[in-house]
Protein chains: 4
Amino acid sequence: MTPIIGHFINGQLVLDTARSQAVYNPSTGQVSKQVALASKATVEEAIAAAQAAFADWRNAPVLKRVRIMFKFKELLEANRDQICALIGEEHGKIVHDAAGELQRGIENVEYACAAPEFLKGEFSKNVGPGVDSWSEFQPLGVVAGITPFNFPAMVPLWMFPMALVCGNCFVLKPSERNPSASLYLAQLLQQAGLPDGVFNVVNGDKEAVDVLLAHEQIQAVSFVGSTPVARYIYATATAHGKRCQALGGAKNHAIVMPDADLDNVVNSLLGAAFGSSGERCMALSVVVAVGDALADRLVAQISTAMTGLKVGAYSDGGNDFGPVITAAHKEKVEGYIASAAEQGATLVVDGRGVQPAGYETGFFVGATLIDHVTPDMLSYQEEIFGPVLQIVRVDTMQEAMALINRHIYGNGTCIYTRDGEAARYFSDHIQVGMVGINIPLPVPVAYHSFGGWKQSLFGDLGAYGPDGARFYTRRKTITQRWPTAEVREGASFSMPTLG
Amino acid sequence: MTPIIGHFINGQLVLDTARSQAVYNPSTGQVSKQVALASKATVEEAIAAAQAAFADWRNAPVLKRVRIMFKFKELLEANRDQICALIGEEHGKIVHDAAGELQRGIENVEYACAAPEFLKGEFSKNVGPGVDSWSEFQPLGVVAGITPFNFPAMVPLWMFPMALVCGNCFVLKPSERNPSASLYLAQLLQQAGLPDGVFNVVNGDKEAVDVLLAHEQIQAVSFVGSTPVARYIYATATAHGKRCQALGGAKNHAIVMPDADLDNVVNSLLGAAFGSSGERCMALSVVVAVGDALADRLVAQISTAMTGLKVGAYSDGGNDFGPVITAAHKEKVEGYIASAAEQGATLVVDGRGVQPAGYETGFFVGATLIDHVTPDMLSYQEEIFGPVLQIVRVDTMQEAMALINRHIYGNGTCIYTRDGEAARYFSDHIQVGMVGINIPLPVPVAYHSFGGWKQSLFGDLGAYGPDGARFYTRRKTITQRWPTAEVREGASFSMPTLG
Amino acid sequence: MTPIIGHFINGQLVLDTARSQAVYNPSTGQVSKQVALASKATVEEAIAAAQAAFADWRNAPVLKRVRIMFKFKELLEANRDQICALIGEEHGKIVHDAAGELQRGIENVEYACAAPEFLKGEFSKNVGPGVDSWSEFQPLGVVAGITPFNFPAMVPLWMFPMALVCGNCFVLKPSERNPSASLYLAQLLQQAGLPDGVFNVVNGDKEAVDVLLAHEQIQAVSFVGSTPVARYIYATATAHGKRCQALGGAKNHAIVMPDADLDNVVNSLLGAAFGSSGERCMALSVVVAVGDALADRLVAQISTAMTGLKVGAYSDGGNDFGPVITAAHKEKVEGYIASAAEQGATLVVDGRGVQPAGYETGFFVGATLIDHVTPDMLSYQEEIFGPVLQIVRVDTMQEAMALINRHIYGNGTCIYTRDGEAARYFSDHIQVGMVGINIPLPVPVAYHSFGGWKQSLFGDLGAYGPDGARFYTRRKTITQRWPTAEVREGASFSMPTLG
Amino acid sequence: MTPIIGHFINGQLVLDTARSQAVYNPSTGQVSKQVALASKATVEEAIAAAQAAFADWRNAPVLKRVRIMFKFKELLEANRDQICALIGEEHGKIVHDAAGELQRGIENVEYACAAPEFLKGEFSKNVGPGVDSWSEFQPLGVVAGITPFNFPAMVPLWMFPMALVCGNCFVLKPSERNPSASLYLAQLLQQAGLPDGVFNVVNGDKEAVDVLLAHEQIQAVSFVGSTPVARYIYATATAHGKRCQALGGAKNHAIVMPDADLDNVVNSLLGAAFGSSGERCMALSVVVAVGDALADRLVAQISTAMTGLKVGAYSDGGNDFGPVITAAHKEKVEGYIASAAEQGATLVVDGRGVQPAGYETGFFVGATLIDHVTPDMLSYQEEIFGPVLQIVRVDTMQEAMALINRHIYGNGTCIYTRDGEAARYFSDHIQVGMVGINIPLPVPVAYHSFGGWKQSLFGDLGAYGPDGARFYTRRKTITQRWPTAEVREGASFSMPTLG
């Protein structure tokens, strides 16, 4: 019998087996576990546990909250292999890639340890005669996170460490494709000393999500996923009066300028395009080559370099990337490849049909390179989320930038150049939230914040870093004047009579 | 023929007379002007003008933008009387109250002059070996402000000075009850050197609002008004993917503790309750007296003090407050008074039927004091927005705080005490965004931010101050690595051959 | 033969035995070890090691530096008992007091982990057309810390964690009275992964100090000690062109107001006055009682409570405080007691002659209470640094504040009251850097900064916290404009010819 | 009879004629005025006036202080021509250059208007259970500025606007060469509403300076001048226990890389080298050309361009630069030119002996270009402070950087390149405080701070901007806990008995 993955509520692993769903090992294509899908009652139970824990948790000095994060970091590092194995088994990403994901997540825990610094309010003396005013950033209460399959550990870690150190309680609904890492994190948090009820995990599908979006005790919702769902989450949570940040899809372009060092470009592009099978919202999926001559050389070098890529099961550290998440997704990615060819693009390297030996039933798509892609093609317009790199050829940098600025997404982008002026003009004028200069995956470090523009993010504030702190707190402004100096001056004239 | 008030688009006063609506002088109850109600086309014209002006305006160095605000401040001060007269005539507030409103508005202009400071991004050296990362807070594009009748100058000034110095272009839709002040401000901005198109005013009603909420070039919406409309604005703007901050209604309580200095309490309460006829979202409308003995003394002193209040036309500086905004609103306020009496409260002072000599047709309601109000009464549950002060009696401070925390609004609140512990406990645990300690109207100064909690504000970020800067900008994070030291080292070996 | 304590230079324990000095166990009064006194050459060796390590250390990404601090925190916690024993043995403070000292030190390590946040520079786009400007806070190079006997672990931990995460290398000269804790910390740092040479300890006396003050590779000096030495350090280091912060002595007063809760006052005063034998620069050594009636009650309650205090050896956790540091210091403290009596004060409790059983040769002074102290007495004017609490009686709060403001020191102070107005007036107008409201030892937490006013601190910036970060870094401001758009536009017209 | 320039003390122009000194018009070489040299008593009078004004000024809400600066800005702009004429007449710089100086000064006034933002302290809730802590940045008291002849308006404006808005009172001792601008500024401040005594000007020489350095009521000293004097000021002020920032001399190098756009280099270099006769601490006085070929072209282009430079009297806006400050200084500059030639350098353009028609007795030195300068030459090692540009030739960028890093000064520097990597490496590793990328005069804008490294600045904090705010304030940290909830809970049980 396959094991059933439940929920983590009020410090306990709980099961809720009315509904469940298969969890696959994408490397083999086999069902490995079942995951319970929370009912409304279960989600409400998690919210109630969180709400009950809130009063004490918000009152705990921030240093006390932060010390649990210091300990949590230690435990994450001590249990690295275990977490990476869970990620690999359910997601399919190679162990070294899972380790990279986890490391990025740990960096958010490290930043959360700086809460005493970033939670400081602003104090103004004498805003009027004898009047002082200051701000406090108080926690919201119970907040929810809804996270995607592609980073089962990192994206939750973008959210809850910041939310918790700010004094909130948390209900996490991870992806039902790979729920185990979240549950493991919950147990490590408990081991680190987190009081029960402060952090809860509910597994589930839209039923659970809709409870979170509508429940009046949920104060804020953080979401990462595809744009259509992000739009739904944002509209629904806000229609219920909540604050919401909903991060959606992407189509990340790299402009390669004629003065770029091509060896460097090719080396760094491969990982950015094919790492984690391209299932990253920051995956570099379009190269905009300025000039045909450059494009010809670039395509030649990339296709040569791609011959060395190894695709296979997550557990073999020698592989470069693994399967995609489901059979359906494999089909969808292959459909985009077919459509590009049909619409006139050149299939330089076709990854369809790859079957690593011993893993013939896994959900594999090989690295794919498509040249002569144009903006009207479906494969250009939509997010593929697979190991597919497309080349668009343009004549000028202005044309390249116009292309990027016209796309509906604005998550990440990059320029390859060594010219200071080109880089500065690009980063100033490109309508994209995260910009790399010779950095193909410009994910901001944990002490900055993550956020795309346009349809890649709905909301005002990005994920983690300083924006995370602001998102998970409510400003309270106190203005204070004390009445006449009765006690102070009273003390002065009443004393002699006592002497 | 009554004059028609039009719009200010692309540096020009324009008329759009298909639809218009009467503007009243509330002190006389007479129609004084007509205001044009913008059609969809007119609003789109304003948006287009703003969009066209954006490219140059966002590129202007912040110091250049700020210097226009320095000049604008001078012009506001030089034209103080003129602006206050416009406010008084259309809103009804007494000239000294209008002057106070304007001064608060000017303080936002002063703060906007600090943009070079508050727009600084964060720079991190060596986020990795040879990799730097920094954030820039870039303008959004065209943003909209929708403002209420009760502060025809101040609330617009909460919004556009901050939006403009951040590099945005602006479309303001002021209240159709008193549109003139906004148009006047637009002209002063132009005189201060603002390029045409950067700031635009459209007058109108829901038709205009709905265009702003749905138009794809509007990046963000700031709203101040009642909670039902705020909820609509927030849900609609966000459903269109925009960022939105929507400030709604309030029910601001003051707790009076037994150790409070009653003379001081009464003095400061009168203005807070009746100033501007109570048509302020920070008006102090409920006093929670702790202990009956205190309540008795308080009611006695307040009712005595109220006998000195003078109600009348805006133009007489000797008056304390003026009419309410419309005949319908007068009726509504009087209805709340009636309902309180019907539901069992004690009408200590009844302001209904007040008719200042010479202004018998004005929309006046006199200062009203109601005692023995209980939480189940309609007059307690809803925002009256009139010169009505209600007394709720409780036995303990905990009971007082529970009462406040149960209310759906969380805008402002105050405690009167001289005890440090009571004040600190109150400000920590009260579920209200703006807290006064012996300050009945704790409106944050311009260098802090304005924002209530619960149903008093939808969104993450408050109005003006640091939150305003964050709301009107989009974070962009650049991560930069330069390729190999070709030029630098090339310089080193190539030189000798040139020598 | 007594063990000899050496130095820690370039990752090695080294001896330098030309000169040495006895280290006592103050609880027994016996010599327990010898400490080597560094020669000029030894100090120069340490500086050279630090200078050699600087180039790599400053280039290490801040996250790498910070992770060593994360690990260091773990090691400090794991070795708590060992460190406290070293402190107790050489300083005499009771183990629970040593644990408190260490915990405060660890909090500085925790704050240092926030370096990625507090080291961020300020980035300004478009300071002129096409011109950007930003600041970087770069490390200074080799910096020195000279620390006192009274906190052998905490004061070094105020300094070097901040200095190191900012990218500096460090030479510590701890007190020659109790050098062992510093050496132990050095070894834990190494174990945490700190590269050799980055942190060095030299033991010594004025000879070593003078090398540090004059050496051209020492960029900055942090000092904590007595005011005469602080003045010398400040004048000498600055005369050599260095930056310097020199923290000196104190005379910390608590005002007790008539509305204070006396039980609470007495409870909290005892520890603040007698803890660590009063050998703390934040020790509360003067109580200013407002009104004779209050003073009488206060003296009665304090003297009663003092009967329960236990004085004895560091190793017995049941003791309240231990010996003073040396026989000479014991004599000096007793001299102040005698002088107070001679000058007319009332010796309420006389701690002279205390000899805990089994420790008759230890350097003990018992808790002493002196009443009717006046500002002209020597015991009032100078810092006693012993377990002596003095009472000054005044009639008014103004008189109490004037007294404090006239004293040459301005380190810490406190008021006991429950009145908000009195507290606010006090904290606003008192000429003291660290102010407590009902907090007798208002040492700022690690994420704020420590610093007195007047002769308690020479320099602009306090110790640790945000000031520490600023002190240990040099601002560099870069202003950048890129030349004409050659590459960018060149790309645009040259491409077609390649097509 | 020549007019005598006195002092401005307590709102009055006062004379103190015991000693005086000639003030020259450098364009004519004639004495135009006398300046009184303050006696010890006069300086003490100014300090006493400032001290007397302090209590009220520090208590004024910051917004009130700031509004005087808003007004002062208006007055500076309205009196621009008058101020520039005063500068030109006594300093000799051409009117357009004086206007630039004044504009830079006004920018500091604009920044000072942001004081409500930059003076905010840090507020931390719950640093322990029920304990809050916050910092306030309080003014120091009376502070002094001692300013140089080369920027008679700008350098004072670097200092006092920041000092005043922070709540300090100020005593300015401007250069006795050109004292009139300061007195004029003092009068405008008064006109802007500054209370008497808050700002005072004393003219004088070392006698006055020494009073300021030693007087116990002077809390801080800001100085700008030559390094030997800066060193004296720093050592003396600190020996008196004061905080001090002393900005000294400079030798600012520009590296020209082979990829630089030479036309751009030459255009921007001329002003940077010869503007204001090179009498600027940020003057670009050394060009380091990488490669002989480049050097040859550069020297050719510069010398050609220099033929168009016009030297003459301040009043003719067509001139490029004017005379140096004194006859003695002219002689000194010419001495450096002679020495360079004697030590083997090539005098490409020799500016000695220039005598503009009609101004034959003025203190003129023409623009001078010297090639083949080497580090061992006197003209390279010392600051010339005249219109002399020297070329050093090196083979590599590393060599160029080593040269700069070896110099005793570290004020400003610049690199000309279009290569991102070279620029980043340079700005990271160069030991200079203010770095330009293609910006020859990288003076930080007013919202950043000015400060060199090494012997160009003694102290921790730079001038103006955020550092200025920190320098002119003292941190006070308040830690607050309120005693038991007596009033709050008392209220709860005592009420029924009152009912």
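Per chain, residues are indexed from 1 in the order of the written sequence. Numbering of ligands from 1 and lettering of chains from A proceed in the order in which they are written. For this predicted model, a pLDDT threshold of at least 70 governs which residues receive local features, and a threshold of 80 or more governs which side-chain atom pairs are given and counted, while totals over whole chains, interfaces and linings are taken from all residues. Remark: hydrogens and water are excluded; side-chain values derive from all non-hydrogen atoms of the structure.

- If you check an unreviewed UniProt entry, chain A appears there as methylmalonate-semialdehyde dehydrogenase (CoA acylating) from Paralysiella testudinis.

## Remarks on the relation of the copies chain B and chain C
- Here the copies are superposed with least squares, the fitted atoms being C-alpha atoms of residues at a pLDDT of at least 70 in both. Expressed as a screw operation, the relation of chain B to chain C combines 0.0 Å of axial shift with a rotation of 180°, fitting to an RMSD of 0.0 Å. Between the two chains, the operation in question is that of a two-fold axis.
- We call two residues in contact when some of their heavy atoms are within 4.5 Å. A high fraction, 100%, of the interface residues of chain B reappear at the interface in chain C, so the copies pair face to face through one surface.

## Some words on the interface of chain B and chain C
- Listed as interface residues are 24 residues of chain B and, on the opposing side, 24 residues of chain C.
- Take the accessible area each of two parts loses on contact, using a 1.4 Å probe, and add the two losses: that sum is the buried area. Here chain B and chain C share an interface that buries about 1,700 Å² over both sides, 43% of which is from carbon and sulfur atoms.
- By salt bridge we mean one thing: a side-chain nitrogen of Lys or Arg within 4 Å of a carboxyl oxygen of Asp or Glu. At the boundary of chain B with chain C, the tally comes to 6 salt bridges.
- Lys125(B) is the partner of Glu136(C) in a salt bridge, and the nearest nitrogen-oxygen pair spans 2.5 Å.
- Two N or O atoms count as a polar contact when they lie within 3.5 Å, although within protein this holds only if one can serve as hydrogen donor and the other as acceptor, and sequence-adjacent residues are included solely when both atoms are side-chain atoms. Across the contact surface, chain B and chain C share 10 residue pairs in polar contact (both at pLDDT 80 or more).
- For the side of chain B that touches chain C, the elements supplying multiple residues, two or more each, are helix H1 (40-59), strand S6 (121-128), strand S7 (131-139) and helix H15 (420-429) of chain B.
- Put simply, DSSP H or I for four residues or longer makes a helix, DSSP E for two residues or longer makes a strand, and each gets a number counted from the N terminus. With 8 residues, S6(B) is the single largest residue contributor to the side of chain B that touches chain C.
- When the residues that make up the side of chain B that touches chain C are grouped by side-chain class, the tally is 7 nonpolar, 8 polar and 9 charged.
- Strands are treated as partners if at least two bridges between them are detected by DSSP. Alignment of S6(B) against strand S6 (residues 121-128) of chain C, held across 3 bridges, turns out to be antiparallel. The residue of S6(C) that forms the bridge with Glu122(B) is Glu122(C). Note on residue categories: nonpolar means Ala, Val, Leu, Ile, Met, Phe, Trp, Tyr, Cys or Pro, charged means Asp, Glu, Lys or Arg, and polar means any other residue, Gly included.

## Things to note about the relation of the copies chain A and chain B
- Superposition record for chain A on chain B: RMSD 0.0 Å, screw rotation 180°, translation along axis 0.0 Å.
- The overlap is high: 100% of the interface residues of chain A also sit at the interface in chain B, so the same surface is used on both sides.

## Quick word on the sheet that holds strand S4 (residues 20-25) of chain B
Residue and element names in this part refer to chain B.
- Spatially, 3 strands are ordered S1-S5-S4 in an open sheet, and the strand pairing comes out mixed. Sheet topology places strand S1 (4-5) and S4 at the edges, where each strand pairs with a single neighbour.
- Where S1 and strand S5 (residues 30-36) come together, 2 bridges link them in parallel fashion. When the bridges of S5 are listed, Ile5 appears paired with Val35.

## Remarks on helix H4 (residues 95-112) of chain B
- The length a helix should cover is 1.5 Å for every residue beyond the first. The terminal C-alpha atoms of H4(B), which comprises 18 residues, lie 26 Å apart, in line with the 26 Å expected from a rise of 1.5 Å per residue.
- Residue exposure (1.4 Å probe, protein chains only): buried if accessible area is under 20% of the type maximum, exposed if over 50%, otherwise partly exposed. For H4(B), the buried fraction is high: 13 of the 18 residues fall into the buried class.

## Structural notes on the packing of helix H2 (residues 62-78) of chain C against helix H6 (residues 154-165) of chain C
Residue and element names in this part refer to chain C.
- Every axis corresponds to a line fitted to the C-alpha atoms, with the helix fit spanning only the stretch in contact, and the corresponding angles, defined between N-to-C directions, vary from 0 to 180 degrees. Viewed as axis vectors pointing N to C, H2 and H6 meet at an angle of 150°, and their least axial separation amounts to 9 Å. Accordingly, the angle class assigned to the pair H2 and H6 is roughly antiparallel. Contact residues: Val62, Arg65, Val66, Met69, Phe72 and Leu76 in H2; Leu157, Phe160, Pro161, Leu164 and Val165 in H6. Convention used here: angles under 35 degrees read as roughly parallel, angles over 145 as roughly antiparallel, angles from 65 to 115 as roughly perpendicular, and any remaining angle as oblique.

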